[in-house]
Amino acid sequence: MPTPPPPSRLPGVIFDVDGTLVDSEQEGHRVAFNHAFAAAGLPDRWDRATYHELLATTGGRRRIQRWFTDPRSSQHQRGEAGVELAGELHEEKTARFRTMAAAGEIPARPGVSRLLDELRAARVTVGVATTGSRSWVEPLLERRFGLDRFACVVTGDDVAEQKPAPDCYRLALRLLDLDPSDAVAVEDSGPGIRAAVGAGLACVVVANDETDPAAYRDVPLVVTGFGEETAPMTVVRDDFAAVDATMLTGATLARFHAAAVRAARPPSS
Ligand code: XBP
Ligand code: MG
């Protein structure tokens, strides 16, 4: 019986989905929302700039409800009637996005599969914590990476409070049987960062075009991507000097995690 490799110093990594594992918002979710508006015969269409604004509201159903309070929407001032319509629109949007995800139309961010391979080889526990709806999260993760890569998949359907509340990360930690100090979160957005930090996790930001720089001003490790040979990442911030390559690697995450745990210890210890 071969001796198993030593357990990685980094017990767990919990990934966000939209904007982190996959590039899903502008060419994915936004297109599906606009499909739902059109299917309902509504004139509303979200362009990129409007959608970027609305991403501050997590959860697609809440995002539509937020839009209905905006004077630019066709349903402005519908009040309670807008809540029911938002639910119907979100169901249609979700069905369309599920089809897009299952058809492989939602790309993984460059370098994600490489990092997942590294973490699996190092026997690092990997989970998911997303605001997205399970009905598309599962087919998307299956199509892109294989669901068996993830020891847990927590979605917006599984918690009462969406990001920036810490609920989805707290549930993921519980399912993975990990303490907050035993894992690192990988995020792309302000609500996601606040959710991860609120759950006590050290957070790495893999920024994208939608990421608000003000959201990561206190985050000790910020990069512009996962990096791969043809698409090297650049370092925005690396307070612990954890990065030693043009890619975000398992070793980098382990160094970052160890430094973050040390930095979190009270000075006396
Ligand atoms: C991002 C979100 C989600 C998606 C849309 O989730 O806030 O609401 O934008 O998906 P995360 P739904 O970054 O936490 O993965 O319409 O299913 O909510
Ligand atoms: Mg995200």
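Residues numbered from 1 in each chain as written. Chains lettered and ligands numbered in written order. Predicted model: local features only at pLDDT ≥ 70, side-chain atom pairs only at ≥ 80, totals over all residues. Heavy atoms only, no water.

Student: Would you mind showing me how to read the coordination of the magnesium ion (ligand 2) here?
Tutor: Six octahedral donors around a metal ideally sit at 90 or 180 degrees from one another, while four tetrahedral donors ideally sit at 109.5 degrees. The coordination sphere of the magnesium ion (ligand 2) contains the protein donors Asp16 (OD), Asp18 (O) and Asp188 (OD), at a distance range of 2.1 to 2.2 Å. The motif formed by the donor residues of the magnesium ion (ligand 2), counted along the single chain, is D-x1-D-x169-D. Classification of Asp16 by relative accessible area gives buried; the value is 4%. (Donors = N, O, S within 2.8 Å, 3.2 Å for Na, K, Ca; no water. Buried < 20%, exposed > 50% of the residue type's maximum accessible area, 1.4 Å probe, protein only.)

Student: I'm lost on the sheet that holds strand E5 (residues 202-206) in this one. Help?
Tutor: Sheet strands pair by backbone hydrogen bonding; their relative direction is either parallel or antiparallel. An order of E3-E2-E1-E4-E5-E6-E7 is seen for the seven strands of this open sheet, with the pairing classed as mixed. Looking at the sheet topology across the chains shown, the edges are occupied by strand E3 (152-154) and strand E7 (235-238). Averaged over all adjacent pairs, the angle separating strand axes in this sheet is 20°, with direction ignored. Pairing analysis gives three bridges linking strand E2 (residues 125-129) to E3, with the strands arranged parallel. (Pairing = 2+ DSSP bridges. Helix = DSSP H or I, 4+ residues; strand = E, 2+ residues; numbered from the N terminus. Axes fitted to C-alpha atoms, helices over the stretch in contact; angles between N-to-C directions.)

Student: What should I look at first to understand the environment of Arg114 in this one?
Tutor: You can see Arg114 is positioned in helix H5 (residues 112-121). In this structure the C-alpha to C-alpha distance between Arg114 and Glu228, which are 114 residues apart in sequence, comes to 8.0 Å. Apart from the residues within four sequence positions on either side, Arg114 is in contact with Phe226, Gly227, Met247, Leu248 and Thr249. Side-chain polar atoms of Arg114 contact the side chain of Glu118, separated by 3.0 Å. A distance of 3.0 Å separates a polar side-chain atom of Arg114 from the backbone oxygen of Leu248. (Contact = heavy atoms within 4.5 Å. Polar contact = N/O pair within 3.5 Å; in protein donor to acceptor, adjacent residues only side chain to side chain.)

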